[in-house]
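In case you want the letters, here they are:
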Amino acid sequence: MSKTYKTKLASIPKENFLFGPSPVQYLPNLTTALGGQVKVYAKREDCNSGLAYGGNKVRKLEYLVADAKLKGCDTLVSVGGVQSNHTRAVTATAVASGMTAVTVQEKWVPIDPPLYAETGNILLSRIMGGDVRLNQEDFDIGHKAATEQAFKDVEARGGKPYYIPAGASDHELGGLGFTNLVVELAEQEAAQGIYFDTLVVCSVTGSSHAGLIVGAVAEGKGRKVIGIDASGKVEATRTQVTRIARNTAKLLDPELVIKDEDVILDDRFNAGIYGIPDEQTIKAIEMAARTDSMITDPVYEGKSMAGMIELIKEGTIKPGSNVLYIHLGGQPALNAYSSYFPHN
Ligand SMILES: *Cc1c(COP(=O)(O)O)cnc(C)c1O
């Protein structure tokens, strides 16, 4: 395959927010619990950075924050749910870059468990000094109005805002972080003498999944990327993943073609709704925690963990495979979901 995309990717300005390549970890007990025929590993994006617990958004933001700096901006403005990992990462990367952050926190999930707006991610943003704005307005109208207001407020006080869409996804640079992850992974595989034929990743705003697809297609090794939907709106997510993947591919190499069948999105594990776990999610969280002490969350990673477990059990991921679970982070939200884990 052409090397064009790698040269182009390396030429795009980025910040260095990560420790370095995130660890690739073998999960021996989970492997055994799932029959031992498929070797299960995790790419630990949940341990990728020292900036406020890191996670996938920090990897994406390496590119967006570099762009913000080049444009002379001093304030990052973004939006997410009340327990958004993304807005916590926006605040963290802003602070570490000498900027400020304004984040609009929407009611994206129709639940209000104990301390939902006080603990977890939103607490971390407050501790970092972020301008956190809880928006109780109606979802559709409130979303735009509150975010536009935040943008105008920054301008009114003489600042220069940079708008980052939800999840740092629907942005021309949104897919680059996870295309870069595949380049990083290929080097780790060469050093460790292993090859992962299947990557499993959670997908919601879509640029983690899209970036991986572009990386895998560009390599041309036939590596399969399986997205597990956690949005509960699978067709909207599929459309967004496809669009971001094609835009990212075009940016890196005009000859790179992303086919419809490159976008695999499994809708069986989303519990029907964004932000709320079902029994299958909770069981998967417990399984990863009770085998290899790997912690996953009820919004995202518990759902993709449930997906990987079933894909192995049902034989979609074939015996003899090496599967890499892309762990995107998200554990801080667990604090707001303690009521989903009853105790005596
Ligand atoms: C945002 C997020 C996802 C989803 O990633 P997208 O790129 O938005 O599809 C998955 N897991 C965690 C922990 C996240 O914070």
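Residues numbered from 1 in each chain as written. Predicted model: local features only at pLDDT ≥ 70, side-chain atom pairs only at ≥ 80, totals over all residues. Heavy atoms only, no water.

**Notes on the overall build of the protein**
Rules: Runs of H or I in DSSP of at least four residues are treated as helices and runs of E of at least two as strands, each being numbered from the N terminus. Only C-alpha atoms enter the radius of gyration, while the globule expectation follows 2.2 Å times N to the 0.38, with N the number of residues. Under the scheme applied here, a residue whose accessible area is under 20% of the maximum for its type counts as buried, over 50% as exposed, and between as partly exposed, the area being computed with a 1.4 Å probe on protein chains only. Whether two residues are in contact is decided by their heavy atoms, any of which lying within 4.5 Å being enough.
Assigned secondary structure in the protein consists of 11 helices and 10 strands. Relative to the 2.2 N^0.38 estimate, which gives 20 Å for 344 residues, the radius of gyration of the protein is 19 Å and therefore close to what a compact globule would have. Judged by the C-alpha coordinates and their principal axes, the protein covers about 60 × 60 × 35 Å. For the protein, buried positions account for 59% of its 344 residues. Across the protein, the fraction of contacts at a sequence separation of at least 24, relative to all contacts at a separation of at least 6, is 79%.

**Digging into unusual backbone geometry**
One non-glycine residue, Ala52, adopts positive backbone phi at about 45 degrees. Tracing the backbone through its elements, the reader meets Ala52 in the loop between β2 (39-44) and α3 (56-70). The residue Ala168 is not glycine, and still its phi comes out positive at about 50 degrees. With respect to the helices, strands and loops of the structure, Ala168 is situated in the loop between β6 (161-164) and α7 (176-192).

**Quick word on the packing of aromatic side chains**
Note the following rule: Pairing of aromatic side chains here covers Phe, Tyr and the six-membered ring of Trp, requires ring centres within 6.5 Å, and sorts the geometry by plane angle: under 30 degrees stacked, over 60 edge-to-face, intermediate tilted. Definition used: whenever NZ (Lys) or CZ (Arg) falls within 6 Å of the ring centre and also within 35 degrees of the ring normal, the charge is taken to sit over that ring.
Counted according to the given criterion, the structure contains 5 aromatic pairs. Look at Tyr26 and Tyr41: their rings are 4.9 Å apart centre to centre, the planes differ by 45 degrees, and that puts the pair in the tilted class. A residue pair is termed long-range when its members are at least 10 positions apart, and Tyr26 in strand β1 (residues 24-26) and Tyr41 in strand β2 qualify at 15 residues. Exposure remark for Tyr26: the relative accessible area of 32% places this residue in the partly exposed category. The exposure class of Tyr41 is buried, given its relative accessible area of 15%. Between Tyr41 and Phe196, the ring centres sit 4.9 Å apart and the planes meet at 70 degrees, which makes this aromatic pair edge-to-face. With Tyr41 in strand β2 and Phe196 in the loop between α7 and β7 (198-203), this residue pair connects regions lying 155 residues apart in the sequence. Three or more aromatic residues link up through ring pairs in this structure, and these residues are Tyr26, Tyr41 and Phe196. The side chain of Lys57 reaches across the aromatic face of Tyr300, ending 5.5 Å from its centre. Sitting over the face of the ring of Phe178, Arg59 holds its NZ or CZ atom 5.9 Å from the ring centroid.

**With respect to the UniProt feature "active site" (unreviewed entry) in the protein**
Put simply, the rule is: UniProt positions are given in the numbering used here, feature names are shortened, and annotations may be inferred rather than shown by experiment.
In the UniProt entry, the feature "active site" (unreviewed entry) is given for Ser84. Note on placement: Ser84 falls in the loop between β3 (75-81) and α4 (85-96). Excluding anything up to four places from it in sequence, Ser84 contacts Gln105 and Asn121.

**What about the packing of helix α8 (residues 207-219) against helix α9 (residues 234-252)?**
Cut-off, in case you're wondering: In this analysis, axes come from line fits to C-alpha atoms, helices being fitted only over the stretch in contact, and the angle between any two N-to-C directions falls in the range 0 to 180 degrees. Here the angle decides the label: under 35 degrees means roughly parallel, over 145 means roughly antiparallel, 65 to 115 means roughly perpendicular, and every other value means oblique. Helix crossings get a hand from a simple test, with the near helix turned counterclockwise from the far one by less than a right angle marking a left-handed crossing and a clockwise turn marking a right-handed one. Residues are grouped as follows: Ala, Val, Leu, Ile, Met, Phe, Trp, Tyr, Cys and Pro are nonpolar; Asp, Glu, Lys and Arg are charged; all remaining types, including Gly, are polar.
Two elements in contact, α8 and α9, have axes separated by 8 Å at closest approach and are oriented at 45 degrees. Regarding the angle of α8 to α9, the classification is oblique. Crossing handedness for the pair α8 and α9: right-handed. Between α8, through Ser207, His209, Ala210, Ile213 and Val214, and α9, the contact on the second element is made entirely by Val241, Ile244, Ala245, Thr248, Ala249 and Leu252. A per-class count over the contact of α8 with α9 returns 8 nonpolar, 3 polar and no charged.

**With respect to the UniProt feature "modified residue: N6-(pyridoxal phosphate)lysine" (unreviewed entry) in the protein**
What UniProt calls "modified residue: N6-(pyridoxal phosphate)lysine" (unreviewed entry) maps, in this numbering, to Lys57. Following the sequence through the fold, Lys57 ends up in helix α3. Take Lys57: its relative accessible area is 10%, and that puts it in the buried class. Ignoring any residue separated from it by four or fewer positions in sequence, one finds Lys57 in contact with His86, Ala89 and Gly167.

**Considerations on the pattern of salt bridges**
Convention followed: The working definition used for a salt bridge is a side-chain nitrogen of Lys or Arg within 4 Å of a carboxyl oxygen of Asp or Glu.
Scanning the model with the defined rule gives 19 salt bridges in all. In this structure, Arg223 engages Glu189 in a salt bridge whose closest nitrogen and oxygen atoms are separated by 2.7 Å. In this pair, Arg223 is assigned in the loop between α8 and β8 (224-229) and Glu189 in helix α7, connecting sequence segments 34 residues apart. For the residue pair Arg223 and Glu189, the accessibility class agrees, reading buried in each case. Residues Glu219 and Arg223 are paired through a salt bridge, measuring 2.7 Å at the closest nitrogen-oxygen approach. Grouping residues by exposure puts Glu219 and Arg223 together as buried.

**Brief notes about the nonpolar core**
Short version of the rule: To define a nonpolar core, start from buried Ala, Val, Leu, Ile, Met, Phe, Trp, Tyr and Cys residues and group those joined through side-chain atoms within 4.5 Å. Throughout the structure description, domain borders are defined by an automatic or database domain assignment.
Judged by nonpolar contacts, the single largest core of 70 residues is most densely connected at Leu76 and Leu212. The element contributing the most residues to this core is α8, with 7 residues. Counting residues domain by domain, this core receives three or more from each of domain 1 (3-53 + 172-340) and domain 2 (56-168). Beyond its immediate stretch of four places on either side in the chain, Leu212 contacts Phe178, Thr179, Leu181, Val182, Leu199, Val201, Val225 and Ile326. Counting residues in each nonpolar core, the second largest holds 22 residues, with Leu30, Phe269, Ala288 and Ala306 among its members.

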